[in-house]
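If you want the building blocks of each chain, they are given just below.
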Amino acid sequence: MMNFLLKIILILYFLLSHSSAEIIKKFEISGNKRISDETIIIFSEIELNEDVSKQKLDGVIKNLYKTNFFRNISLRLENQILYLEVEENPIIGNLEIIGIKKQSLIEFIKNKMRLAEMKSFDQELLSADIDLINNILKTNGYYFTKITSSKSLDSKLNTIDLKISIELGEKAKIKKIIFLGDKIFKDKRLKEVITSEEHKFWKFVSRNVYINEELINLDKRLLESYYKNNGYYNVKVENSFVEFDKEGNFNLIYKIDSGIKYYFDSFALNLPDNYDRELFKSIEKKFSKLKGESYSLLKIDDLLKEINKIALYKQYEFINASISENINNDKINFQINITESEKYYIEKIDIQGNYNTLEEVIRNSLIVDEGDAYNEILFNRSINDLKSLGYFKNVETKIIEGSSNSLKIIDINVEERPTGEVSLSAGIGTAGGTIGGGIKEKNFLGKGINLNANLEITEDSVKGRFVYAKPNFRYSDNTLFTSFDSTTRDLLTNSGYKTSGIGFSLATRFEQYQDLFFRPELNFQIEDLETTSSASDILKKQEGSYTDLYFNYEITQDLRDRKFRTQDGYQTTFAQELPIISDNNEISNAFEISKFKKLSTKSEMIGKISFYGKAITSLDDDVRISKRLQIPSYRLRGFEKGKVGPVENNDYIGGNYLSTINISTTLPNILEDFDNLDIGIFLDAANLWGVDYNSSIDEKSKIRSSMGVALNLMTPIGPLSLSFANTLTKASSDKTETFRFNLGTQF
């Protein structure tokens, strides 16, 4: 009985559907002036002799409205003729945006708008574009913007002139940045992590002192990463704006729930049966070292990088890695699951949105390429590398089907961001005052070229430097560095001499082996040495002009866990300067090793010990005064800058040999209520000896040493560094200082 009723229903449905459908034999279109009948038929997505239903006709109206070409549409189907009557939207003849002086911002807004000249006008699109403009201006700090629009219609030509008027108002300034909740760390440390800054009257160049939604979102990601790298696995960061005042200021508040601190417990590596476990031994060795250490996102990332290298070099083309965590109190157990991914190849990589950055710059950042096997680990690493360039506000990817089942197309959509930066700086301290400034551009001409120009002026010197860096030079994966520098040091009054020089260098840097970097350089210098009657005999002897061409190189092994605020690992560097053509033929050798260790799992107490040694000798004559060695002031506190070592005629002439040892640690649990203060203790020891032209004034055995307390305080006018040092050993001619400070700021 049920089968019989079902058959009746299906027959009735078929008859009713068939009776409501009709075949189209002809189109009759009216009302169109600019758009041809053929174009309208294509947009309607129906064809002659097609059997259409009411639902299909409703779809025709939707399809035509979707084009934004028409204001009104009506249709009817009679005697197999489809009558279409349309009223076209006016064309935008002229689109003008007024009220913004910066032409590049106007062009950026126009590129983002859906309405444009020679496109159809639509009121709904205009409303959406005004909302878009408002959001763009907010990301640039304008929160008090008023936007209006006006239209002028030419009914004969059916064109419209559209004017968008913008009153920007004042930028929304960040008056104060506040961290609330269970924040654990001091405000000073957290302010160093984020990019937003509090507005000060001298920070007229910085763009980070204005409310910027993009920067706020970046701040939240940076804070979350910082907490997770310090063990706070479940940290949550929220933000809000409060205390808005009439002057256009905001207090930017971040509410932080750090949660408890977590530690690594056990690790397990799960591999497919056909994988060689021996190849993954390096990963398993790290598991035992990590057990008991505080959780860190960076350390997990290091494990994934190791898997990346295995996938890249051991020809595991179709590989994927996933991590699952199991939390037990304050311990986290990890399972790293290596699986074979779906086997297909990359047919095409389609890149969109890069209106400034050249496509080859983006492709050079990708590990995977067209024709390669799709490897999810390497693909994710490629996208992370692309994001880390700092050229793009947003990077989105989508994988779609290719021309066959074994091929895929990767769509990469990027959103450009400003890459230039202007800075001014000033400082004053016991060693004198300094002013300076710089201009940086990370993506010059969209070619990924890095430009950096800076100038520094002190009481007795002027230094300027310009650096050009071209990544992936001639597709070698190496960066080419070109630099020009000029230096003048005027000590005519105090020491009777003045040096001035200009230089040019060519260099490159690349990773020769894992974590081992090589940096060769050709350096050309021209220097003049001028003296007065008060200068020493050796200086008078060296007076004149010098021309030098040197080959310099540097080898660095970097095994630090992170580049910023290192907590563990070490770094070793050996450098040498060798003359090719020189009036003096000096050779210098330098060696430095630094070891970092986290001294407590409960706090940020980081210990550091470093050794630095350098020697310079001349093959022909005495070492030139400008090349003689001096102990850097930051390597020997408790002594006046440049007032240590061999002395002749009351002039500290420097030495041929230099060595320093520095031991320091932070004390994070001291004065916890002072959020803007960091405290540390240090022990410095150094020696400076060797006078090639007069051995009688040499001081081979004079070890200088000091110990003390270092404080870094964030003040309303900039960072203040102070050190209180007690001299332990010294030479009789050395000049000491118990207290040193430096106050500086970045504009």
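Everything here concerns the structure above.
Given the structure is predicted, the values throughout are model-derived calculations rather than measurements.

Definitions and limits used
Residues numbered from 1 in each chain as written. Predicted model: local features only at pLDDT ≥ 70, side-chain atom pairs only at ≥ 80, totals over all residues. Heavy atoms only, no water. Core = buried A, V, L, I, M, F, W, Y, C linked by side-chain atoms within 4.5 Å. Buried < 20%, exposed > 50% of the residue type's maximum accessible area, 1.4 Å probe, protein only. Helix = DSSP H or I, 4+ residues; strand = E, 2+ residues; numbered from the N terminus. Contact = heavy atoms within 4.5 Å. Salt bridge = Lys/Arg side-chain N within 4 Å of Asp/Glu carboxyl O. Axes fitted to C-alpha atoms, helices over the stretch in contact; angles between N-to-C directions. Parallel < 35°, antiparallel > 145°, perpendicular 65-115°, else oblique. Left-handed = near helix turned anticlockwise from the far one by under 90°. Pairing = 2+ DSSP bridges.

Peer 1: I'd like to hear about the nonpolar core, residue by residue, with values.
Peer 2: Nonpolar side chains in soluble globular proteins generally cluster together in the buried interior. Ranked by internal contacts, the top residues of the largest apolar core, which has 24 residues, are Ile109, Leu137, Ile164 and Ile166. Among the secondary structure elements, those contributing two or more residues to this core are strand 6 (91-98), helix 4 (103-112), helix 5 (123-139) and strand 8 (159-167). With six residues, the single largest contributor to this core is helix 5. When near neighbours in sequence (up to four residues on either side) are disregarded, isoleucine 109 contacts Ile97, Ile100, Ile133, Ile136 and Leu137.

Peer 1: So what's going on with the pattern of salt bridges? Residues and values would help.
Peer 2: Under the counting rule described, the total for this entry stands at 25 salt bridges. The salt bridge partner of lysine 26 is glutamate 28, with a shortest N-O separation of 3.0 Å. Given the relative accessible area of 41%, lysine 26 is considered partly exposed. Across the pair lysine 183 and aspartate 187 runs a salt bridge whose closest N-O atoms are separated by 2.5 Å. What makes aspartate 187 buried here is its relative accessible area of 12%. Sharing partners across several salt bridges, the network here consists of Glu527, Asp548, Glu586, Arg624 and Lys627.

Peer 1: I'd like a description of the packing of helix 4 against helix 5, backed by residues and values.
Peer 2: Interhelical geometry of helix 4 versus helix 5 gives an angle of 140° and a closest axis separation of 10 Å. In terms of orientation, helix 4 and helix 5 fall into the oblique class. In this structure, helix 4 crosses over helix 5, and the sense of that crossing is right-handed. For the pair helix 4 and helix 5, contact is made by Leu105, Phe108, Ile109 and Lys112 and by Leu132, Ile133, Ile136 and Leu137, respectively.

Peer 1: How would you summarise the sheet that holds strand 13 (residues 320-328) if you had to cite specific residues and measurements?
Peer 2: Pairing in this open sheet of three strands is mixed, and the strands run 12-14-13 from one edge to the other. Two strands in the sheet have a free side with no partner beyond their single neighbour: strand 12 (263-270) and strand 13. Recorded for the sheet is a direction-independent mean angle of 20° between the axes of neighbouring strands. When strand 12 meets strand 14 (residues 331-339), the two strands line up parallel, connected through six bridges. Note on strand 14: the bridge partner recorded for phenylalanine 264 is isoleucine 332.

Peer 1: Tell me about the side chain of arginine 189, residues and numbers included.
Peer 2: Take arginine 189: it is sitting in helix 6 (residues 187-193). By relative accessible area, which is 10% here, arginine 189 ends up buried. In contact with arginine 189, other than residues within four places in its own chain, are Tyr226, Arg565, Glu604 and Asp678.

Peer 1: Describe the environment of phenylalanine 741, and please don't skip the residues or the numbers.
Peer 2: You can see phenylalanine 741 is positioned in strand 35 (residues 739-746). As for phenylalanine 741 and leucine 720, which are separated by 21 residues in sequence, their C-alpha atoms are 7.0 Å apart.

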